[in-house]
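So the chains spell out like this:
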Amino acid sequence: MPKKNELPASFETALQELEQIVSRLESGALPLEEALNEFERGVQLARQGQVKLHQAEQRVQILLSENEDAPLSPFKPDAE
């Protein structure tokens, strides 16, 4: 299992971890400090997910561009 401050490699893994964090926070059973740590981790995962979704949107826009004669080239995300 990755360390707490490492970000998962895939969107799906990050989403799964974020769902687990939400469940733990919603339970109300965590001490304050642990809840704050979980919340911080959740914010990191949510931001990573936003970046990955934005990159996916860019790829779709490129693929669906109106210019059919445009040369295809590999997608290179700005954030990496």
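For clarity, every value in this text was computed on a predicted model and none was experimentally measured.

Time to look at the overall build of the protein chain. Along its length, the protein chain carries 2 helices and 0 strands. By the burial criterion, 15% of the 80 residues in the protein chain qualify as buried. Considering only contacts in the protein chain between residues 6 or more positions apart, those separated by 24 or more positions represent 62%. A total of about 6800 Å² of accessible surface is found on the protein chain, and carbon and sulfur atoms cover 56% of it.

It is the contact of helix α1 (residues 11-27) with helix α2 (residues 32-63), at a shortest axis distance of 9 Å, that shows an interaxial angle of 150 degrees. On the basis of the axis angle, α1 is roughly antiparallel to α2. The handedness of the crossing between α1 and α2 is left-handed. In contact with Phe11, Ala14, Glu17, Leu18, Ile21, Arg24 and Leu25 of α1, α2 contributes Ala35, Glu38, Phe39, Arg41, Gly42, Leu45, Ala46, Gln48, Gly49, Lys52 and Leu53. Each residue belonging to the contact of α1 with α2 can be placed in one class, and the counts come to 10 nonpolar, 3 polar and 5 charged.

For the rest of this paragraph, the subject is a nonpolar patch on the surface. On the surface, Val60, Leu63 and Leu64 cluster together into a nonpolar patch covering about 340 Å² of accessible area. Position of Leu63 among the secondary structure elements: in helix α2. The exposure class assigned to Leu63 is exposed, which follows from its relative accessible area of 65%.

Between the first and last C-alpha of α2 there are 46 Å, a value that for 32 residues agrees with the 46 Å anticipated at 1.5 Å per step. Turning to α2, its buried residues number three or more, namely Ala35, Glu38, Arg41, Gly42, Leu45, Gln48, Gly49 and Gln55.

Scoring rules and cut-offs
Residues numbered from 1 in each chain as written. Predicted model: local features only at pLDDT ≥ 70, side-chain atom pairs only at ≥ 80, totals over all residues. Heavy atoms only, no water. Helix = DSSP H or I, 4+ residues; strand = E, 2+ residues; numbered from the N terminus. Buried < 20%, exposed > 50% of the residue type's maximum accessible area, 1.4 Å probe, protein only. Contact = heavy atoms within 4.5 Å. Areas by Shrake-Rupley, 256 points an atom, 1.4 Å probe, with all protein chains shown as cover. Axes fitted to C-alpha atoms, helices over the stretch in contact; angles between N-to-C directions. Parallel < 35°, antiparallel > 145°, perpendicular 65-115°, else oblique. Left-handed = near helix turned anticlockwise from the far one by under 90°. Nonpolar A, V, L, I, M, F, W, Y, C, P; charged D, E, K, R; others polar. Patch = residues over 30% accessible without salt bridge, like charges linked within 9 Å, V, L, I, M, F, W, Y side chains within 5 Å. Salt bridge = Lys/Arg side-chain N within 4 Å of Asp/Glu carboxyl O. Expected span 1.5 Å × (residues − 1).

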